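Topology and contacts: notes
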Amino acid sequence: MKKRLFIYLTLFAVIFACSDDFTDVPAIGALSDQTLQNEVGVDLLLVGAYSLLDGNTQPNDGFDRWLSTGDNWWFDAVTDDAHKGSTDGDQGDLFNLETYTWEAGNPYLKIWNARYAGANRANAVIDLISKIPEGDFSAQLAEARFLRGHFNFELQKMFGQVAYISEENFANTEFNQPNTGAIWDQIEADFQYAADNLPDSQAEVGRANSWAAKAFLAKAHLYQQDYAAASPLFTDVINNGPYALNPEFLANFSLAGENSSEAVFTIQFATAGSVAWNGNQGGTLNFPNALGFCCGFYQPTQDLVNAYQTDAVTGLPLLDTFNQTDVTNDQTLTSADPFTPHTGPLDPRLDYTAGRRGIDYNGYGINPGQDWVRATDADISGPYLPKKNIYQAGEDGNIGTGPWGQQFSGVNYHIMRYADVLLMAAEVAVELNDLPTALDYVNQVRNRAKNMSYLQDASGTADAANYVIEPYTAFADQDEARKAVRFERRLELAMEGHRFFDIVRWSNKWAGSPDSFATDLISEYVTNETRTIDNFGPKVGTFTTTNYVLPIPLDAIDLSGGILQQNPGY
């Protein structure tokens, strides 16, 4: 789509340059309403709205894209799934977020600007369509409203109290709106319109369809614990939609599996050109400090790795005891020191999620440990490397670089994939006490993990680790089912930018009565993680219920002249 945006802009430039009346038309880049009031013009603005899914609102200079990244990776770094990575002093503002020193002036809050820019580009499409007197643009309007719903959903779950800018506000340039509360009603209205008016399929990959809209509408209901409203939507998507789990878990993160049956809504990254400006600029820091890559950020935690331990007999996760013992790690060891990887039973998804010493790293060879980790023992990042966001060796179509040699990956990012849908639907089923349905959905995900190809050792003739996984036979009661479903979401979706938002909503944040679920979880995580990284606990502050949402950016409040109000506690 970004390629098409460039083509459209070039086309308009040529038209204006060749016109006999060039003195009567706007300057290139300032297209008139009359020029845009047609199908091509609507699609031009619509593609521009899609282009902001990646969060990149700035000129292509290759710097600071990670602040407003579309894949929400740095939200994982404030949970028990990931560390910021690299050395403590690199990206000190993100270090402050990881250690729960949150201030309204932190530049990472620029993600507010990016999500509002996306919502306003969607508003621009809606406004343009309202000015076209003839033609049926209901499908394009539905796409624009889906995108506006998505960007506003992002703002809602990140900041809590956000300003809603309607199409009327946009048309009247009334952007300075108060943030007096939640905007769930507006989000739901956009997704409902999209579900009612989008086609069931699209000719062009990456565009939203009616099934994606239904899934996002159901997700909005789930966040508010409106399970009765979410249930029929999820059921419709599962029973009648076009989606299915990929046979291979790895396909979700590889070139061959892009836009497959599991993709519900995805950021379409691309790497064509000498500098891959359409690659994932927001994730550019998150490659190992080796293999010619940069910069050593986004490292999985010991806590996350421990979660993949399984019972040797049942093949089930250790829901209550996974942190009583640690998966063997090489923290404090050099790459020259002897090391034997963990021999206990593990979920095979671990080694497609976290890079461990002694295990193949995405086809680039056996991970040697410290030599590939930028962080030192004095830092709080630990010994592990990310894997889902890293290309597979030999997949040249996904490999891209930036202007200073950094990686601009072409690996698509799943804002939502079908396994996510199944597990959200399982949550709904649990809360409605339909345990057989919850069991079925969870086991579909677990059986895929059981039956997929397992990572192999250096010889290529044996499994890389002692992989043991089985489906559940039954849930004893609702409490066990709830715990199992939530745990499965972590195992399946780790390092995909979901964890922070999951633990906050499980704390009843969006139901109006937040509790201590997430604060207790993070407190326990800090204690456990300090067993592996001995200076982690002393460096980390306290995660409180205030931190269930980010502070409203200070510059946004200042620019509003006090119309915007700060979230309580900041």
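Structure: above.
Now for a description of the structure that goes with this document. (Residues numbered from 1 in each chain as written. Predicted model: local features only at pLDDT ≥ 70, side-chain atom pairs only at ≥ 80, totals over all residues. Heavy atoms only, no water.)

**Thoughts on the nonpolar core**
To keep it simple, the criterion reads: In these notes, a set of buried Ala, Val, Leu, Ile, Met, Phe, Trp, Tyr and Cys residues joined through side-chain atoms within 4.5 Å is what counts as a nonpolar core. Note on exposure labels: buried denotes an accessible area under 20% of the residue type's maximum, exposed denotes more than 50%, and partly exposed covers the range between, all computed with a 1.4 Å probe on protein chains only. Counting from the N terminus, the helices are the DSSP runs of H or I reaching at least four residues and the strands are the DSSP runs of E reaching at least two. Note on contacts: a residue pair qualifies if any of its non-hydrogen atoms lie within 4.5 Å across the two residues.
Core analysis: the biggest nonpolar cluster contains 158 residues, and Trp74, Trp112, Phe146, Leu147, Phe159, Phe265 and Val421 have the highest contact counts within it. The dominant element in this core, judged by the number of residues it contributes, is helix α13 (residues 418–431), at 11 residues. Excluding residues that lie within four positions of it along the chain, Leu147 makes contacts with Leu46, Ala49, Tyr50, Leu53, Ala122 and Phe265. Counting residues in hydrophobic clusters, the runner-up holds 11 residues, among them Phe287, Ala290, Trp372 and Leu385.

**Focus: unusual backbone geometry**
Looking along the chain, the bond that leaves Cys294 and enters Cys295 is cis, with omega of 20 degrees. Along the chain, Cys295 falls in the loop between β2 (263–267) and β3 (297–300). Positioned with a positive phi, Tyr100 is a non-glycine residue whose angle comes to about 65 degrees. Structurally, Tyr100 is set in the loop between α5 (92–98) and α6 (111–130). Judged by relative accessible area, Tyr100 falls into the buried class, the value being 9%. With a phi close to 60 degrees, Gln225 is a non-glycine residue in the positive phi region.

**Thoughts on the state of the cysteines**
Put simply, the test is: Cysteine sulfur pairs qualify as disulfides if the two atoms are within 2.5 Å.
Within the structure shown, the criterion is met by 1 disulfide. Disulfide pairing places Cys294 opposite Cys295 at an S-S distance of 1.8 Å. Measuring the twist about the S-S bond at about 90 degrees, one finds the Cys294-Cys295 disulfide to be right-handed. With respect to class, Cys294 is no different from Cys295; both count as buried.

**Regarding the layout of surface pockets**
What counts here: Note on definitions: the grid is 1 Å and covers protein atoms alone; a cavity is a set of points where a 1.4 Å probe fits but cannot get out; a pocket is an open set with protein on both sides within 12 Å along at least five of seven lines; lining residues have an atom within 4 Å of a point. Grid points are joined across faces, edges and corners, and a volume is the space filled by probe spheres set on the points. Residue classes follow a fixed rule: Ala, Val, Leu, Ile, Met, Phe, Trp, Tyr, Cys and Pro count as nonpolar, while Asp, Glu, Lys and Arg count as charged, and any other residue, Gly among them, counts as polar.
Roughly 590 Å³ of internal volume is contained in the second largest pocket. Broken down by secondary-structure element, the contributors of at least two residues to the lining of the second largest pocket are α15 (478–493) and α17 (517–532). Looking at the lining of the second largest pocket, its residues break down into 7 nonpolar, 4 polar and 11 charged.

**Details of the pattern of salt bridges**
Opposite charge on two side chains lets them pair, provided their charged atoms get close. We count it as follows: Basic side-chain nitrogens of Lys or Arg form a salt bridge, by our definition, when they fall within 4 Å of a carboxyl oxygen of Asp or Glu.
In the structure shown here, the tally under the stated rule is 37 salt bridges. Between Asp326 and Arg531 there is a salt bridge whose closest N-O contact spans 2.6 Å. Placement of the pair is Asp326 in the loop between α12 (302–307) and β4 (354–355) and Arg531 in helix α17, with a sequence separation of 205 residues. Judged by its relative accessible area of 43%, Arg531 falls in the partly exposed class. Measuring nitrogen to oxygen at the nearest pair gives 3.9 Å for the salt bridge that ties Arg489 to Glu427. Placement of the pair is Arg489 in helix α15 and Glu427 in helix α13, with a sequence separation of 62 residues. The exposure class of Arg489 is buried, given its relative accessible area of 4%. For Glu427, a relative accessible area of 8% puts it in the buried group. Residues joined by salt bridges that share partners form a network here, namely Glu262, Asp347, Arg349, Lys388, Arg417, Arg446, Arg448, Glu488, Glu492 and Glu496.

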